[in-house]
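Commentary on secondary and tertiary structure
Okay, here's what each chain looks like letter by letter:
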Amino acid sequence: MSTLQFMGRGELVPRLIAQVGNEAFAKNLLKKRGHMNPDGTLTAEGEKRNQMTAEERAFDRAGESVHTHDYNPETNRLQKI
């Protein structure tokens, strides 16, 4: 399954499921990261990340700026300009 169809806001869970290929594994990762509660609802931090696009999450993870890096949607990574 391509992750390019899950690039927008509100698609944290479906995108991660597509990336890892397994719903249970994806939800366990989110729980381990503190983004999901044991009952399957998103925590406040999870909701915050869910409201970001895939690009915004990549910049947030890296702690970088759009002024110094480009986002590659194919790899979901940043590259220094």
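Below is a short write-up of the structure. Just so you know, these numbers come straight off a predicted model, no measurement behind them.

The next point concerns unusual backbone geometry. The backbone of Asn 76 shows a phi angle near 60 degrees, a positive value even though the residue is not glycine. In this structure, Asn 76 sits in the loop between strand 1 (69-72) and strand 2 (77-80).

Here we come to helix 2 (residues 23-33). Buried within helix 2 we find Ala 26, Leu 29 and Leu 30. The arc that holds the buried residues of helix 2, viewed along the axis, is 95 degrees, so those residues lie on one side. Where helix 2 is buried, its residues meet helix 1 (12-20). At the N-terminal boundary of helix 2, the capping side chain belongs to Asn 22, with an oxygen 3.0 Å from the backbone nitrogen of Ala 24. Downstream of helix 2 by one or two residues, Gly 34 has phi in the positive range, about 85 degrees.

Before going further, it helps to spend a moment on the layout of surface pockets. The probe, sized like a water molecule, is rolled over the atoms to show the empty space still left. Of the volumes computed, that of the largest pocket is approximately 200 Å³. Every residue lining the largest pocket is listed: Leu 12, Arg 15, Leu 16, Gln 19, Arg 33, His 35, Arg 49, Ala 54, Arg 57, Arg 61 and Asn 76. Listed by contribution, the elements that provide at least two residues to the lining of the largest pocket are helix 1 and helix 4 (54-62). Element by element, the count of residues in the lining of the largest pocket is highest for helix 1, at four residues. When its residues are assigned to classes, the lining of the largest pocket shows three nonpolar, three polar and five charged.

By the definition in use, this model includes three salt bridges. Between Glu 23 and Lys 27 there is a salt bridge, with the nearest N and O atoms lying 2.9 Å from each other. Residue Glu 23 and its partner Lys 27 are located together in helix 2, separated by four residues, close to a single helical turn. For Asp 60, the salt bridge goes to Arg 49, with nearest N and O atoms at 2.5 Å. With Asp 60 in helix 4 and Arg 49 in helix 3 (residues 44-50), the pair connects residues that are 11 residues apart, well separated along the chain. In this structure Arg 49 comes out as buried when scored by relative accessible area, which is 9%.

Calculation criteria
Every residue gets a number counted from 1 within its own chain, in the order that chain's sequence is written. Per-residue local features of the predicted model are confined to residues with pLDDT of at least 70, and side-chain atom pairs are confined, for both listing and counting, to 80 or more; whole-chain, interface and lining totals are unaffected and use all residues. Calculated side-chain values reflect all of the structure's heavy atoms, with hydrogen atoms and water omitted. Elements are defined by DSSP. Helices are runs of H or I of four residues or more, strands are runs of E of two residues or more, and each kind is numbered from the N terminus. Accessibility here uses a 1.4 Å probe with only protein chains present; expressed as a share of the type maximum, an area under 20% marks a residue as buried, one over 50% as exposed, and anything in between as partly exposed. Arc definition: it is the arc formed by the directions from the helix axis to the C-beta atoms. Whether two residues touch is decided by their heavy atoms; if any such pair falls within 4.5 Å, the residues are in contact. For this analysis, a polar contact is any N or O atom pair within 3.5 Å, provided that within protein one partner can donate a hydrogen and the other can accept it, and provided that sequence-adjacent residues contribute only side-chain to side-chain pairs. The distinction between a cavity and a pocket rests on a 1 Å grid over the protein atoms alone: a 1.4 Å probe fits inside a cavity but cannot get out, while a pocket stays open yet meets protein on both sides within 12 Å along at least five of seven lines, and a residue with an atom within 4 Å of a point counts as lining. Grid points are joined across faces, edges and corners, and a volume is the space filled by probe spheres set on the points. The classification used treats Ala, Val, Leu, Ile, Met, Phe, Trp, Tyr, Cys and Pro as nonpolar, Asp, Glu, Lys and Arg as charged, and all other residues, Gly among them, as polar. Put simply, a salt bridge is a Lys or Arg side-chain nitrogen that is within 4 Å of an Asp or Glu carboxyl oxygen.

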